[in-house]
Amino acid sequence: MTTTLRPEGPETPTAAGGRTRRWQICANGHPVGALRTTAVRHGSQLWGEISELEVREGRGRGRGTFGALAAEEVLRSWGCTRLDADVPEPARIARELAVTLGYTERTRNLAKRLTAAPPLPPGATARPIGQAEFPAWLDRSARHYVRSLVDSGLSEEQARAKSELDHLRQLPQGADSPGVALRRLCADGTEEPLGSLWLDLHLRDLPDGAPLAWVMVVEVSPAHRGRGHGRTLMLLAERECLAAGVRDLGLNVFADNEVAIGLYASLGYRVTNRLYGKPL
């Protein structure tokens, strides 16, 4: 039996010079599954993504493996230097396939349905991050982000390109960028920062059409770590989210950050997707 990958429709350009196409996985010319390949530009580099992978007929016969490997060849021919696969948490077989094909888990997406604004601990207050202090905050945030990306498997060049693009896209007007909440956590009566929060309120949609806000950065100042301020910052994020009229809050966490994963689990966040990646 011959398994092939056949275009399902025309190739479509995406933002910033990327491209995407959906394919059928065929056995002897008969469609048995499908997937999508996407090339995303990060600065001067192209990163590939495999998504929507499904096998409808003949599961257990290696058709998913063939589809993934064929998609890698497509993305390699498009000039992609790295490949990511976003796998929904319930798709256990797809997660196992990713590991078998040499992918490493990079990040997890988590989400929580919010019901009521939690109180902050006594003595904790929050204030906006102003334009004067924004450059120093952004520099620290970017350096931490780059280190985390490198630790997750990206090269230094890839990490810096992604960091610069992400921060430029999300914060085009600095501290006054619309649709974001930038906050400092302080002890009551002082200006010394205990930590900072970046919450994205450019409301994206969940599959059911409900709006979803996103935690971009939770950072505790080095001198104040280990005292529960990370939890307080997450409570602050939930309060800001509800104040904006949104009841679903999501975030990314790097897969090797066991401390943060434990914190989010204790606060009721559940894993929705896992992102696996490997170089091409």
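Structure first, text after, so check above.
Since we're looking at a predicted model, the values are computed, not measured. (Residues numbered from 1 in each chain as written. Predicted model: local features only at pLDDT ≥ 70, side-chain atom pairs only at ≥ 80, totals over all residues. Heavy atoms only, no water.)

### Examining the side chain of Asp84
Quick note on the threshold: The helix count covers DSSP runs of H or I at least four residues long, the strand count covers runs of E at least two residues long, and both are numbered beginning at the N terminus. Burial here depends on accessible area, computed with a 1.4 Å probe over protein chains only, as a share of the maximum for the residue type. Under 20% is buried, over 50% is exposed, and the range in between is partly exposed. Polar contact is the term for a pair of N or O atoms within 3.5 Å; when the atoms are in protein, one must be able to donate a hydrogen and the other to accept it, and sequence-neighboring residues count only if both atoms are side-chain atoms. Residues count as neighbours in contact if any of their non-hydrogen atoms are within 4.5 Å of one another.
Mapped onto the secondary structure, Asp84 falls in strand 6 (residues 82-88). The class of Asp84 is buried, set by a relative accessible area of 7%. For Asp84, the side chain forms a polar contact with the side chain of Arg106, separated by 3.1 Å. In this view, Asp84 contacts Trp47, Gly48, Glu49, Ile50, Arg106, Leu275, Tyr276 and Gly277; residues no more than four positions away in its chain are not counted.

### So, the pattern of salt bridges
The line we're drawing: Take a side-chain nitrogen of Lys or Arg and a carboxyl oxygen of Asp or Glu: if they are within 4 Å of each other, that pair is a salt bridge.
Scanning all chains against the criterion turns up 24 salt bridges. Its salt-bridge partner being Lys278, residue Glu72 comes within 3.0 Å of it at the nearest N-O pair. Note that Glu72 is positioned in helix 1 (residues 63-77) and Lys278 in strand 13 (residues 270-279), a separation of 206 residues in sequence. Judged on exposure class, the residue Glu72 and its partner Lys278 are both buried.

### Notes on the layout of surface pockets
Definition in use: Buriedness of a pocket was judged along seven lines, with at least five required to meet protein on both sides within 12 Å; pockets are open sets of points on a 1 Å grid over the protein atoms alone, cavities are sets where a 1.4 Å probe fits but cannot get out, and lining residues have an atom within 4 Å of a point. Grid points are joined across faces, edges and corners, and a volume is the space filled by probe spheres set on the points. Classes in brief: Ala, Val, Leu, Ile, Met, Phe, Trp, Tyr, Cys and Pro nonpolar; Asp, Glu, Lys and Arg charged; the others, Gly included, polar.
In this structure, the second largest pocket encloses a volume near 680 Å³. Lining the second largest pocket are 27 residues; nearest its centre among them are Leu53, Gly64, Ile93, Ala94 and Leu97. Elements supplying a minimum of two residues to the lining of the second largest pocket: strand 5 (45-55), helix 1, strand 6 and helix 2 (92-100). By residue number, the principal contributor to the lining of the second largest pocket is strand 5, which donates six residues. Residue composition of the lining of the second largest pocket, by class: 14 nonpolar, six polar and seven charged.

### Looking at the packing of helix 3 (residues 134-151) against helix 4 (residues 156-170)
Rules: What counts as an axis is a line fitted to C-alpha atoms, over the stretch in contact for a helix, and the angles between N-to-C directions run from 0 to 180 degrees. Each angle receives one of four descriptions, namely roughly parallel if under 35 degrees, roughly antiparallel if over 145, roughly perpendicular if within 65 to 115, and oblique otherwise. Crossings are classed by handedness, with left-handed meaning an anticlockwise turn of the near helix from the far one by less than a right angle and right-handed meaning a clockwise turn.
Where helix 3 meets helix 4, the closest approach of the two axes is 9 Å, and the angle between their N-to-C directions is 140°. Taken together, helix 3 and helix 4 sit at an angle that is classed as oblique. The element helix 3 and its partner helix 4 pack so that their crossing is right-handed. Residues Leu138, Ser141, Ala142, Tyr145, Val146, Leu149 and Val150 of helix 3 touch helix 4, and the partners they reach there are Glu156, Ala159, Arg160, Lys162, Ser163, Asp166 and His167. Here the contact of helix 3 with helix 4 is built from residues that sort into seven nonpolar, three polar and four charged.

### A short note on the nonpolar core
Basically, it comes down to this: The criterion is simple. A nonpolar core is a set of buried Ala, Val, Leu, Ile, Met, Phe, Trp, Tyr and Cys residues joined through side-chain atoms within 4.5 Å.
Counting residues in hydrophobic clusters, the biggest one holds 27 residues, and the most contacted among them are Val215, Met234, Leu249, Leu251, Tyr264 and Tyr269. Within the residue set of this core, elements represented by two or more residues are strand 9 (180-187), strand 10 (193-205), strand 11 (211-220), helix 5 (229-243), strand 12 (248-254) and helix 6 (258-266). Per-element accounting of this core gives the leading share, seven residues, to helix 5. Setting aside residues up to four positions removed in sequence, Met234 forms contacts with Val215, Val218, Leu251, Leu263, Tyr264, Leu267 and Tyr269. Of all hydrophobic cores here, the second largest spans 24 residues; its members include Ala70, Val74, Cys80 and Leu83.

### Considerations on the environment of Ala34
Along the chain, Ala34 falls in strand 4 (residues 30-42). Relative accessible area serves as the criterion here: at 0%, Ala34 is assigned to the buried category. Sequence separation between Ala34 and Pro172 is 138 residues, and the spatial gap between their C-alpha atoms is 37 Å. Ignoring anything within four residues of it in the chain, the contact list for Ala34 reads Glu8, Arg22, Trp23, Gln24, Ile25, Glu52, Leu53, Glu54 and Arg56.

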